[in-house]
Structure formats: structure tokens, C-alpha cells
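Reading the structure
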Amino acid sequence: MAKRFLVFAAWAATAMTVTLAHAATMEEEVRVVFEKYIASQNAHDMKSMRNLLADSPDFLWISRGKPIWGREAALKALEERYKGTWHIDADKKELRVISVSRRVAQVYAPTQLTVGDPGVEPAKNRLYINLVMVKKAEGWQIVSILPILVPPQ
């Protein structure tokens, strides 16, 4: 009986170690993709954004209070916004990666979005960005972008 317990305890410890290692790796991978997302946004790099966003009609971006469905529609909207001021500063210390499953993660990041149409003084808005990412064969991709506006204090 003691031998069985020791075998079970060893198996459980190994499983826990593998699970924790996977979680750490997943979080690192997701953080890297999020950093690419911010860098691509700030560089107004449409090619990189195309690679980061899932090619699905179910891709969802809430922008200016309205849903934008599908990667192509999101890229078209970004192309228009990039003509003006569009810059995102994420608070990396407050960023959190939430593991939903082995292949799904949510990213929460307090950010400041500086945005404005061409020739107009840009506005600075505080947001809580929430991204949902799915791990696909080609790597982690963003399937939704759900910003929440933080009311002025």
C-alpha cells in the first residue's frame, strides 16, 4: 500500500510540474504575441496585423462602441484609423494572461490610446484592453479585441 502511494505521489508531482511548465510557456508565448500586437499597432504595420488576427468571420473587435466582425473588416478599419494618430501604450506591469484552456488565453492590459483623425488634436483615452487568443497550427492568434473605456476621474 505504501509503495502504491509513493508511485501515485511521484506521478502527481510529475503531472503538476508539467502543468506548471506548460502554463509558464503559454504565458510567455502569449505575452510575446501581445507585445507584437502593440508594436504592430504603433508601427501601423498592416502585414503584421494581418498575421496576428485570426482569419475568421467570427473575429470580433469592438471599436467606438460598435462590433467589427471578421479580420478583413478589422484591417480595413485599422487602415483608416492609421491615417491619423493611433498609438497604444500598455502598462506591462499590470498586464495579465489568463489561461482559459491549453489553447485559449485572455490578455488583460490597462492601456492609453492616443487617437485622432488627420489634422485633429489627438485625444488620450484610458482603456482596459481584453484580447482573446487561440493557439492554432501557425501559433497564437487574436480572435477578439474588447476594449473597455475607463471613465475620466
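Residues numbered from 1 in each chain as written. Predicted model: local features only at pLDDT ≥ 70, side-chain atom pairs only at ≥ 80, totals over all residues. Heavy atoms only, no water.

Considering the layout of surface pockets
Here the largest pocket is characterised by a volume of approximately 330 Å³. Considering the residues around the largest pocket, the lining is formed by 19 residues, among which S63, R64, L113, L127 and P147 are closest to the centre. Where the lining of the largest pocket is concerned, the elements lending two or more residues are α1 (2-43), β1 (60-63), β3 (85-90), β5 (104-116), β6 (123-136) and β7 (139-149). Element by element, the count of residues in the lining of the largest pocket is highest for β7, at four residues. (1 Å grid on protein atoms, 1.4 Å probe; cavity = no way out; pocket = protein on both sides within 12 Å on 5 of 7 lines; lining within 4 Å. Points joined across faces, edges and corners; volume = space filled by probe spheres on them. Helix = DSSP H or I, 4+ residues; strand = E, 2+ residues; numbered from the N terminus.)

Some details on unusual backbone geometry
Phi at H44 takes a positive value of approximately 55 degrees, unusual for a residue other than glycine. As for its position among the elements, H44 is in the loop between α1 and α2 (46-52). On the basis of relative accessibility, which here comes to 26%, the residue H44 falls in the partly exposed class. (Buried < 20%, exposed > 50% of the residue type's maximum accessible area, 1.4 Å probe, protein only.)

A look at the packing of aromatic side chains
What the rule picks out here adds up to four aromatic pairs. Summarising the aromatic geometry, the rings of F34 and Y37 are spaced 6.0 Å apart at their centres and angled 35 degrees between planes, so their arrangement reads as tilted. With F34 and Y37 both in helix α1 and three residues apart, this pair spans about one turn of that helix. Exposure remark for Y37: the relative accessible area of 2% places this residue in the buried category. Put simply, the rings of W61, Y82 and W86 pair up and form one aromatic cluster. (Phe/Tyr/Trp six-rings, centres within 6.5 Å; stacked < 30°, edge-to-face > 60°.)

Here's the deal with the pattern of salt bridges
A side chain with one charge can pair with a side chain of the opposite charge if their charged atoms come near. With the rule as written, the count across this model stands at six salt bridges. Here E29 makes a salt bridge to K135, at a shortest N to O gap of 3.2 Å. Residue E29 is located in helix α1, and its partner K135 is located in strand β6; the two are separated by 106 residues in the primary sequence. Among the ionic pairs, E80 bridges to K83, the shortest N-O distance being 2.9 Å. The class of E80 is partly exposed, set by a relative accessible area of 47%. One connected set of salt bridges, linked through shared partners, spans R50, D55, R71 and E72. (Salt bridge = Lys/Arg side-chain N within 4 Å of Asp/Glu carboxyl O.)

Keep in mind these numbers describe shape, not what the thing actually does.
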